Amino acid sequence: MTTRRKFISTISTLIALLFSKISLSKERKSNILQKNIPLNRLYKTSPFELSQERLDVFKLIQAQADICPDTTFNEYKIKRFENPDIRPSHLSPIIETLEDALEKILNDIETLPRPNDFVRIWLLYNMGYIIQTPTALFGIDISSPSDLKIADKLDFLLITHKHTDHFSTKLMRHMSEKPVVSNFFDNKYKQGDKEQTLKLGNIEIHTKLVDHGSGRKLPKFVTTYEIICKDTKNNISIFHAGDAGRADQLTPKSKVDIFIPHVAVGLNIKKCADEIIKPKLILMSHILELAHHINKWRWSIPFGLKACEKITSVKTIMPFWGEMIEYRKK
């Protein structure tokens, strides 16, 4: 009998293939294989408005992802970890895009003035976000192969669970004495079964251990983070659910402004939006994880956009690599 996960994976694959065929019919193959994906075009659009320009760029990105197998990406990861200071040459176009996205984030951090009463949020890759507040810069689930370039800038790091698409061992070690919070790394910030509250500077963090997906295979495997930025106007709250799959296990202690869920791990996002989390904004995540096989667990861009459409009670968007969102609480 087909499981829910296999069914969703099959549907995602079919959508991705259809999307790719449509894209290829409109773009010459030479354009699809070009080295420079026009990220600047994407960054001129807004994740809050699904314009035709944004869709056109997404088609190109998806087509390039569809010709990059997981083996190619994993070989790149090894090269990047061995030489973290050197950008490899002759990369697949979609990997070049990921490298460019990090460079864009680094430039934003260097050139933009520090927020005064709001937060900046960048999607680096997969479910990996970098968050800047008036007094802190921290990461959640950072797993980009080039992430060591940003390690020195982070004040602390949060990790939801021990799957390699959500953490980097080298990044954790490179953080040195800075706080690394997880449920598996053996340090003073390691989270256990009991709910805990941490205070890192002006950031208050509530943690809870929950099931991965349905929990049938990995119960009590994921730590969720309710992050309250006490240095912002009206204490902006961010809830990162990692790969949590059971809505009934998500129990925020305060009103949530921004909710970050996995697009397809079984979580009832609509129920979270309407009844449990009730956020002001949802950032649909875990799109195009290139370390996963093209036909298995690599959720496509159209799949993510379709998931956003299903949520009508809360503004739901799907940011892409390198995109920045400035959130102000009224």
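All of these numbers come straight from a predicted model, not from anything done at the bench.

### Considering the packing of aromatic side chains
Evaluated as defined, the whole model comprises 9 aromatic pairs. Geometrically, the ring pair formed by Phe58 and Phe320 is edge-to-face, given 5.9 Å between the ring centres and 70 degrees between the ring planes. You can see Phe58 sitting in helix H4 (residues 52–65) and its partner Phe320 sitting in the loop between strand E12 (315–317) and strand E13 (324–327), a full 262 residues away along the chain. On the basis of an interplanar angle of 10 degrees and a centroid distance of 4.6 Å, the ring pair of Phe138 and Phe156 is categorised as stacked. On the criterion of sequence distance, the pair formed by Phe138 in strand E3 (residues 137–140) and Phe156 in strand E4 (residues 156–158) is long-range, its members being 18 residues apart. For Phe138, a relative accessible area of 0% corresponds to the buried category. Look at Phe156 and you get buried, because its relative accessible area is 3%. An aromatic cluster is defined as three or more aromatic residues linked by ring pairs; in this entry it consists of Phe58, Phe73, Tyr76, Tyr125, Phe320 and Trp321. Stacked on the ring of Phe118, the Lys or Arg Arg328 has its end atom at 3.9 Å from the ring centre.

### Remarks on helix H9 (residues 269–276)
Restricting attention to buried positions, one finds in H9 the residues Ile269, Cys272 and Ala273. Around the axis of H9, the buried residues are gathered within 95 degrees of arc, so they sit on the same side. Where H9 is buried, its residues contact strand E10 (258–260) and strand E11 (281–283).

### A short note on the packing of H4 against helix H10 (residues 301–309)
Where H4 meets H10, the axes come as close as 10 Å, and the angle between the chain directions of the two elements is 135 degrees. The orientation of H4 with respect to H10, classified from their angle, is oblique. Side by side, H4 and H10 meet where Leu55, Phe58, Ile61 and Gln62 of the first sit next to Ile301, Pro302 and Leu305 of the second. Across the contact of H4 with H10, the residue classes tally to 6 nonpolar, 1 polar and no charged.

### Observations concerning the sheet that holds strand E8 (residues 218–229)
If you trace the 7 strands from one edge of the open sheet to the other, you get E6-E7-E8-E9-E10-E11-E12, paired in mixed fashion. Pairing within the sheet leaves two strands with one partner each, and these edge strands are strand E6 (196–200) and E12. Geometrically, the sheet is characterised by an average inter-axis angle of 20 degrees between neighbouring strands, direction not taken into account.

### Quick look at unusual backbone geometry
If you check the backbone angles, Lys220 has positive phi at about 50 degrees while not being a glycine. You can see Lys220 is positioned in strand E8. The backbone of Asn234 sits at a positive phi, close to 60 degrees, despite the residue not being glycine. Checked against the element boundaries, Asn234 lands in the loop between E8 and strand E9 (236–240).

### Observations concerning the sheet that holds E3
Read from one edge of the open sheet, 6 strands run E5-E4-E3-E2-E1-E13, paired in mixed fashion. Each end of this open sheet is capped by a strand with a single partner; those strands are strand E5 (180–181) and E13. With 4 bridges connecting them, strand E2 (residues 128–132) and E3 associate as antiparallel partners. From the neighbouring strand, Ile130 faces E3, where its bridge partner is Gly139.

Rules of the game
Residues numbered from 1 in each chain as written. Predicted model: local features only at pLDDT ≥ 70, side-chain atom pairs only at ≥ 80, totals over all residues. Heavy atoms only, no water. Phe/Tyr/Trp six-rings, centres within 6.5 Å; stacked < 30°, edge-to-face > 60°. Helix = DSSP H or I, 4+ residues; strand = E, 2+ residues; numbered from the N terminus. Buried < 20%, exposed > 50% of the residue type's maximum accessible area, 1.4 Å probe, protein only. Lys NZ or Arg CZ within 6 Å of the ring centre and 35° of its normal. Arc of directions from axis to C-beta. Contact = heavy atoms within 4.5 Å. Axes fitted to C-alpha atoms, helices over the stretch in contact; angles between N-to-C directions. Parallel < 35°, antiparallel > 145°, perpendicular 65-115°, else oblique. Nonpolar A, V, L, I, M, F, W, Y, C, P; charged D, E, K, R; others polar. Pairing = 2+ DSSP bridges.

None of the figures reported here should be taken as evidence of function without further support.
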